[in-house]
Amino acid sequence: MKLTQDQIQELYKFTRVHYVEHYDLQTELVDYLANGIEQQWGLNPNFSFRAAKEREFKKFGVFGFMDLVSKRQKAMRSRYRTILLRFAKEWFQLPKLILTVLAITILFFSLKSIMNQDIKQGVIVGLTLLLAGGSLVYFFITRKDRELDMVRGGKKWMLGEMIFDFGGVTQLCNFFLQIGISTIHFKGFIINNPWFDIFFAIIWVFLSIITLIALVFIPSKAEELLAETYPEYKFQEKL
C-alpha cells in the first residue's frame, strides 16, 4: 500500500509545522516517514495514516526533528567551506597568485614606510574599517534581495541560505575589525614591529579575497552549486 500525493503533501506540511523550513531536509524526512508508514501498513493495512505518522515521528525522540536539523546544518556548513576552499584554490593560481603576492608586497612596504605612529595607526584602522565595515554594510543593504534569492524555485534550500548569508564571512570580518581596533591599546609595540606589518598585509589581502569570493563569486554561481548538491533541485528547475 502506497501513500497518495495528498498524504505526501500532508507529510511536507507536517515537517514545516515541526520547524523544518528547508525543502531539501523536508524531502529527506518525508521519504523517511513515508517508508516507515508504508512498512507499518504492510504489517497492518487497517492502521490509520495519522496514527502511523505519529508513530514514525516518535522515533525521533523528545526533540523531534531538531537533532537531525542540527546535524544537517553542520554537514552543510562543511559543504559550504569545501565550496569556499575550492573557489579560493582557483583564485590562488597564476596569474591571480602573482597579483595577490604583489598586493601583499605593496601593502607591506607601504606600512613599513610610515614612520609616524599616529598616521600608521590611522591607516591600519582605516583599512580594517574598509574591509570589515564594508562587508557588514554590504550584508545589510542587500538583505532584502538576498532573502528573495534564498528561496529558489519557490522553496528554501539549506545550502542556498548559507550561500546568500555568505557562510559567516561577515563574522570573520567583524573579528578582524576587533584586531584592527586593538592596535590602539598596543600602538607602541605593534606599530613599530615589521612582523606586524607583514602579518597585517597578508591577513588583510587574504580576507579581502575571501570576502570577495563569499559576497560576489559564490552567489553568482548559486544555481550551479545548488544543482550540483541537490539532484531534486535540478529536477525542479526543469519543471
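Keep in mind the model is a prediction, meaning the values are calculated, not measured.

1. Let's talk about the overall build of the chain
On a plain count of helices and strands, the chain comes out with 13 helices and two strands. Relative to its 239 residues, the chain shows a buried fraction of 41%. Look at the contacts in the chain between residues 6 or more apart in sequence, and 75% of them connect residues 24 or more apart. In the form shown here, the chain has an accessible surface area of approximately 14,100 Å², with 63% of it arising from carbon and sulfur atoms.

2. A word on the packing of helix 2 (residues 23–43) against helix 3 (residues 49–58)
Across the interface, helix 2 lies against helix 3 with an axial gap of 9 Å and an inter-helix angle of 120°. Compared by their axis directions, helix 2 and helix 3 come out oblique. You can see that helix 2 and helix 3 cross each other, and the crossing is right-handed. Of helix 3, the residues touching helix 2 (which contributes Tyr32, Leu33, Gly36, Ile37, Gln40 and Trp41) are Phe49, Ala52, Lys53, Arg55, Glu56 and Phe57. Split into classes, the residues belonging to the contact of helix 2 with helix 3 amount to seven nonpolar, two polar and three charged.

3. Some thoughts on the packing of aromatic side chains
Scanning all chains against the criterion turns up 16 aromatic pairs. Relative to Phe166, the ring of Tyr138 lies with its centre 6.0 Å away and its plane at 35°, an arrangement referred to as tilted. With Tyr138 in helix 6 (residues 117–141) and Phe166 in the loop between helix 8 (158–164) and helix 9 (169–182), this residue pair connects regions lying 28 residues apart in the sequence. For Phe166, a relative accessible area of 1% corresponds to the buried category. With centroids separated by 5.4 Å and ring planes inclined at 90°, the aromatic side chains of Phe139 and Phe140 adopt a geometry described as edge-to-face. When its relative accessible area of 53% is taken as the criterion, Phe140 is described as exposed. In textbook terms, an aromatic cluster arises when at least three aromatic residues are bridged by ring pairs, as seen for Phe14, Tyr32, Phe57, Phe60 and Phe65.

4. Section: unusual backbone geometry
Between Leu94 and Pro95 the backbone carries a cis peptide bond, its omega angle lying at 5°. With respect to the helices, strands and loops of the structure, Pro95 is situated in the loop between helix 4 (66–91) and helix 5 (96–112).

5. Here we look at the packing of helix 4 against helix 11 (residues 194–220)
Here helix 4 crosses helix 11 at 110°, and the two axes come no closer than 10 Å. With respect to each other, helix 4 and helix 11 are oriented roughly perpendicular. Within the contact between the two elements, helix 4 uses Tyr80, Ile83, Leu84, Phe87, Ala88 and Trp91 and helix 11 uses Ile209, Ile210, Leu212, Ile213, Ala214, Phe217 and Ile218. By residue class, the composition of the contact of helix 4 with helix 11 is 13 nonpolar, no polar and no charged.

6. Here we look at helix 5
For helix 5, spanning 17 residues, the distance from its first C-alpha to its last is 24 Å, which sits close to the expected 24 Å at 1.5 Å a residue. For helix 5, every residue scored as buried is listed here: Thr100, Ile104, Leu107, Phe108 and Leu111. Each buried residue of helix 5 lies within a common arc of 100° when the element is viewed along its axis, so the set occupies one face. Along helix 5, the residues that are exposed and aim more than 90 degrees away from the buried face are Ile98, Leu99 and Phe109. Looking at the packing, one finds that the buried side of helix 5 touches helix 4, helix 6 and helix 11.

7. What to know about helix 12 (residues 222–229)
Those residues of helix 12 that sit buried are Ala222, Leu225 and Leu226. Looking down the long axis of helix 12, one finds its buried residues gathered within 95° of arc, a one-sided arrangement.

8. Focus: the pattern of salt bridges
The full count for this structure, using the stated rule, is eleven salt bridges. Residue Arg72 is joined to Glu28 by a salt bridge in which the shortest nitrogen-to-oxygen separation is 2.2 Å. You can see Arg72 sitting in helix 4 and its partner Glu28 sitting in helix 2, a full 44 residues away along the chain. Classification of Glu28 by relative accessible area gives partly exposed; the value is 32%. Residue Glu147 pairs with Arg143 through a salt bridge whose shortest N-O separation is 3.6 Å. One end of the pair is Glu147 and the other is Arg143, both in helix 7 (residues 143–150) and four residues apart, which spans about a single turn. For Arg143, a relative accessible area of 40% translates into the label partly exposed.

Calculation rules
Residues numbered from 1 in each chain as written. Predicted model: local features only at pLDDT ≥ 70, side-chain atom pairs only at ≥ 80, totals over all residues. Heavy atoms only, no water. Helix = DSSP H or I, 4+ residues; strand = E, 2+ residues; numbered from the N terminus. Buried < 20%, exposed > 50% of the residue type's maximum accessible area, 1.4 Å probe, protein only. Contact = heavy atoms within 4.5 Å. Areas by Shrake-Rupley, 256 points an atom, 1.4 Å probe, with all protein chains shown as cover. Axes fitted to C-alpha atoms, helices over the stretch in contact; angles between N-to-C directions. Parallel < 35°, antiparallel > 145°, perpendicular 65-115°, else oblique. Left-handed = near helix turned anticlockwise from the far one by under 90°. Nonpolar A, V, L, I, M, F, W, Y, C, P; charged D, E, K, R; others polar. Phe/Tyr/Trp six-rings, centres within 6.5 Å; stacked < 30°, edge-to-face > 60°. Expected span 1.5 Å × (residues − 1). Arc of directions from axis to C-beta. Salt bridge = Lys/Arg side-chain N within 4 Å of Asp/Glu carboxyl O.

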